[in-house]
Amino acid sequence: MGLTYREAGVDIEAGDALVEAIKPLAKATSRTGSMGGLGGFGALFDLKAAGFRDPVLVSSTDGVGTKLRVAIDAGRHATVGIDLVAMCVNDLVVQGAEPLFFLDYFATGKLRLEQARDVIAGIAEGCRQAGCALVGGETAEMPGMYAAEDYDLAGFSVGAAERDGLLPRGDVGPGDVLLGLASSGVHSNGFSLVRRVMQAGNLGLDAPAPFAAGQTLGEALLAPTRIYVKPLLALHRAGKLKAAAHITGGGLPGNLPRVLPKGVTAVVQAGSWPVPPVFAWLARTGKVAAAEMLRVFNCGIGMVAVVAAGEAEAATALLAAAGESVCRIGTLEAAAGATEVRIEGLTESWPA
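About the cut-offs
- Note that residues are indexed from 1 along each chain, following the sequence as it is written.
- Whole-chain, interface and lining totals are the exception, using all residues; otherwise, since this is a predicted model, local features are given only for residues with pLDDT of at least 70 and side-chain atom pairs are given and counted only at 80 or more.
- Here the side-chain values reflect all heavy atoms present in the structure, with hydrogen atoms and water set aside.
- UniProt positions are given in the numbering used here, feature names are shortened, and annotations may be inferred rather than shown by experiment.
- Secondary structure elements follow DSSP: runs of H or I no shorter than four residues count as helices, runs of E no shorter than two count as strands, and numbering proceeds from the N terminus.
- Restricting the calculation to C-alpha atoms gives the radius of gyration, and the globule rule supplies 2.2 Å times the number of residues raised to the power 0.38.
- Burial classes: relative accessible area under 20% of the type maximum marks a residue as buried, over 50% as exposed, and values in between as partly exposed (1.4 Å probe, protein chains only).
- We call two residues contacting when some pair of their heavy atoms lies within 4.5 Å.
- Computed with a 1.4 Å probe, the accessible areas rest on the Shrake-Rupley method; for each residue, only the protein chains presented here act as cover.
- Only strands joined by at least two bridges in the DSSP assignment are considered to pair.
- Every axis in this analysis is a line fitted to C-alpha atoms, fitted for helices over the stretch in contact. Angles between the N-to-C directions lie between 0 and 180 degrees.
- Here is the rule: rings of Phe, Tyr and Trp (six-membered ring for Trp) pair when centre to centre is within 6.5 Å. Planes less than 30 degrees apart are stacked, more than 60 are edge-to-face, and the remainder are tilted.
- For salt bridges, the criterion is a side-chain nitrogen of Lys or Arg within 4 Å of an Asp or Glu carboxyl oxygen.
- Any residue with an atom within 4 Å of a point lines the site, the site being either a cavity, points on a 1 Å grid over the protein atoms alone where a 1.4 Å probe fits but cannot get out, or a pocket, an open set with protein on both sides within 12 Å along at least 5 of 7 lines.
- Grid points are joined across faces, edges and corners, and a volume is the space filled by probe spheres set on the points.
- Amino acids are sorted into nonpolar (Ala, Val, Leu, Ile, Met, Phe, Trp, Tyr, Cys and Pro), charged (Asp, Glu, Lys and Arg) and polar (every other residue, Gly among them).
- When the sulfur atoms of two cysteines come within 2.5 Å, that pair is taken as a disulfide.
- Expected helix span is given by 1.5 Å per residue-to-residue step, counting one fewer step than there are residues.
- Bend is the name given here to the angle between axes fitted to two runs of seven residues, the run ending at a residue and the run starting at it.
- For this analysis, a polar contact is any N or O atom pair within 3.5 Å, provided that within protein one partner can donate a hydrogen and the other can accept it, and provided that sequence-adjacent residues contribute only side-chain to side-chain pairs.

- By the naming in an unreviewed UniProt entry, the protein goes by Phosphoribosylformylglycinamidine cyclo-ligase and is assigned to Siccirubricoccus soli.
- Its UniProt record, at the heading Catalytic activity (unreviewed entry), says of the protein: "2-formamido-N(1)-(5-O-phospho-beta-D-ribosyl)acetamidine + ATP = 5-amino-1-(5-phospho-beta-D-ribosyl)imidazole + ADP + phosphate + H(+)".
- Looking at the Subcellular location (unreviewed entry) heading of the UniProt record, one finds this comment for the protein: "Cytoplasm".

Comments concerning the overall build of the protein
Thought 1: When helices and strands are counted, the protein shows 11 helices and 12 strands.
Thought 2: The C-alpha radius of gyration of the protein comes to 21 Å, within 12% of the 20 Å expected for a compact globule of 352 residues.
Thought 3: Principal axes of the C-alpha set define a box for the protein whose edges measure 75 × 55 × 35 Å.
Thought 4: When the 352 residues of the protein are sorted by exposure, 49% land in the buried category.
Thought 5: For the protein, long-range pairs separated by at least 24 residues make up 84% of all intrachain contacts whose partners lie at least 6 apart in sequence.
Thought 6: Surface accessibility of the protein: about 15500 Å² in total, with carbon and sulfur atoms responsible for 53%.

Considering the UniProt feature "domain: PurM-like N-terminal" (unreviewed entry) in the protein
Thought 1: Following the UniProt record, one finds the feature "domain: PurM-like N-terminal" (unreviewed entry) at residues 56–160.
Thought 2: Secondary structure within residues 56–160 divides into 38% helix and 35% strand; the distance between the first and last C-alpha atoms comes to 5 Å.

Structural notes on the sheet that holds strand E3 (residues 55–62)
Thought 1: The sheet built from 4 strands is open, its strands ordered E3-E6-E4-E5 with mixed pairing. Edge strands, defined here as strands with exactly one partner in the open sheet, are E3 and strand E5 (133–141). Looking at each pair of strands side by side, their axes are set apart by 15° on average, direction ignored.
Thought 2: Bridging between strand E4 (residues 98–108) and E5 involves 8 bridges; their strand directions are parallel. Looking at the pairing, aspartate 104 lines up with glycine 137 of E5.

A word on the packing of aromatic side chains
Thought 1: Counted by the stated rule, this structure contains 5 aromatic pairs.
Thought 2: Taking the centre distance of 5.3 Å and the plane angle of 25° together, the rings of phenylalanine 106 and tyrosine 151 count as stacked. Separated by 45 residues along the polypeptide, phenylalanine 106 in strand E4 and tyrosine 151 in strand E6 (residues 151–162) bring together distant segments of the chain. Residues phenylalanine 106 and tyrosine 151 agree in their burial class; the two are buried.

Some points on the sheet that holds strand E11 (residues 326–334)
Thought 1: Reading across from one edge, E8-E10-E7-E11-E9-E12 is the order of the 6 strands in this open sheet, with mixed pairing throughout. Edge strands, defined here as strands with exactly one partner in the open sheet, are strand E8 (243–246) and strand E12 (340–344). Geometrically, the sheet is characterised by an average inter-axis angle of 25° between neighbouring strands, direction not taken into account.
Thought 2: Pairing of strand E7 (residues 177–182) with E11, which is carried by 5 bridges, proceeds in the antiparallel orientation. Across the sheet, the residue bridging to leucine 178 is glycine 330, located in E11.
Thought 3: Contacting E8 and strand E10 (301–307), helix H3 (residues 80–93) crosses the sheet at an angle of about 160° to E8.
Thought 4: In the packing of helix H11 (residues 312–321) onto the sheet, the strands contacted are E7, E10 and E11, and the crossing angle to E7 comes to about 15°.

Focus: the pattern of salt bridges
Side chains that differ in sign of charge can pair as their charged atoms come close.
Thought 1: Applying the stated criterion to the full structure yields 21 salt bridges.
Thought 2: With its nearest N and O atoms 2.8 Å apart, the salt bridge here joins arginine 169 to aspartate 171.
Thought 3: Among the residues examined, aspartate 171 registers a relative accessible area of 38% and is labelled partly exposed.
Thought 4: Here glutamate 344 makes a salt bridge to arginine 342, at a shortest N to O gap of 3.3 Å.
Thought 5: According to the relative accessible area criterion, arginine 342 is partly exposed, its value standing at 33%.
Thought 6: Shared partners join several salt bridges into a network, and the residues in it are Arg169, Asp171, Asp176 and Lys242.

Observations concerning the layout of surface pockets
Thought 1: By volume, the second largest pocket is sized at about 230 Å³.
Thought 2: Contributing elements (two or more residues each) for the lining of the second largest pocket: E3, H3 and E8.
Thought 3: Ranked by residues supplied to the lining of the second largest pocket, first place goes to E8 with 3 residues.
Thought 4: For the lining of the second largest pocket, the class distribution of residues is 5 nonpolar, 6 polar and 2 charged.

Some thoughts on the state of the cysteines
Thought 1: Using the criterion set out here, one finds 0 disulfides in the structure.
Thought 2: Distance from the sulfur of cysteine 299, which forms no disulfide, to the nearest cysteine sulfur (cysteine 327) is 14 Å.
Thought 3: The class of cysteine 299 is buried, set by a relative accessible area of 0%.

A word on helix H1 (residues 12–27)
An α-helix turns once per 3.6 residues; consequently, residues spaced three or four apart project the same way.
Thought 1: Its 16 residues give H1 an end-to-end C-alpha distance of 23 Å, which sits within 8% of 22 Å, the value for a rise of 1.5 Å per residue.
Thought 2: In the structure, H1 departs most strongly from a straight axis at alanine 21, where the bend amounts to approximately 30° and where the proline proline 24 lies between one and four residues downstream.
Thought 3: Among the structural elements, helix H4 (113–130) and E5 are those in contact with the buried residues of H1.
Thought 4: Among the residues of H1, the N-terminal cap falls to aspartate 11, whose side-chain oxygen and the backbone nitrogen of glutamate 13 are separated by 3.1 Å.

This is the structure we're talking about:
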């Protein structure tokens with residue numbers, strides 16, 4: 001008998017079984033404009049059926065970084081798929097786009113059906129939260145590329161915005177108010193530093209979380225990234241959203257300038273929002289400076305909405321009604337130099 005693909009480490013039947021197992025998950029994310037199901041060579045989407053009159057396509061791709069290492073080591077795979085979707089669709093909505101469909105890439109050394117299904121079930125849940133369809137993806141079994149139960153993830157999403165509804169708007173300027181939408185925790189950035197802090201504290205993932213009663217460190221750190229799509233789209237459609245910034249790697253200082261015009265500075269008050277205990281724990285255990293915390297982590301603000309001062313109260317109420325925790329964290333001011341973020345009230349003890 002000659003060699004087989006299975007003996008080389010690739011199980012075609014396992015891949016086929018996974019496709020069958022996830023078909024109901026993908027079907028449950030179907031939305032207006034979706035055409036067909038899993039199994040074809042490509043996925044179709046009908047923009048006209050989705051109701052767009054003059055659409056501009058907006059695309060995004062991302063992963064979840066070394067948060068995957070935490071998920072794999074903790075043996076908890078059900079939520080990293082939500083993270084994957086969140087990192088893509090939150091980047092779409094800040095440009096005024098409605099996420100339409102999503103594709104994933106899942107690569108592993110040996111395909112384990114239960115593990116892979118858990119991951120993709122999380123992706124389907126993220127798509128449900130974002131209102132986009134899971135239309136396809138790629139599952140790659142690559143022996144020799146990944147060790148033990150390791151796997152890698154990448155996500156790809158496409159959305160659409162009406163041409164006259166793209167963000168940021170042209171009237172962003174001095175006097176506008178910054179509304180911070182609360183994060184659910186660390187989200188999916190900075191986990192290489194998180195893991196170093198764990199080492200500094202001599203803590204494993206099964207240790208009780210010092211900042212979350214009743215949870216292990218692994219459970220607490222794997223809280224999924226919040227998806228802000230539906231509340232922000234509601235605010236945008238109400239005509240109250242001028243700009244928005246997804247606070248990912250780079251934190252407030254690195255992400256806010258990306259949506260601001262020249263000649264404008266964002267002035268943020270450090271004590272204007274409640275900082276989740278996980279960040280105080282990270283700063284204290286790792287002796288991480290306040291400026292570094294703000295540069296690496298979201299520190300409790302996962303999204304910033306820029307609104308006119310006169311609309312701030314109504315915008316806050318709309319977002320709160322959609323389930324968001326909202327704080328007024330700062331304003332925009334005129335500046336002669338380059339666009340920047342100035343954090344006021346920051347002390348070396350922050351955020352303890």
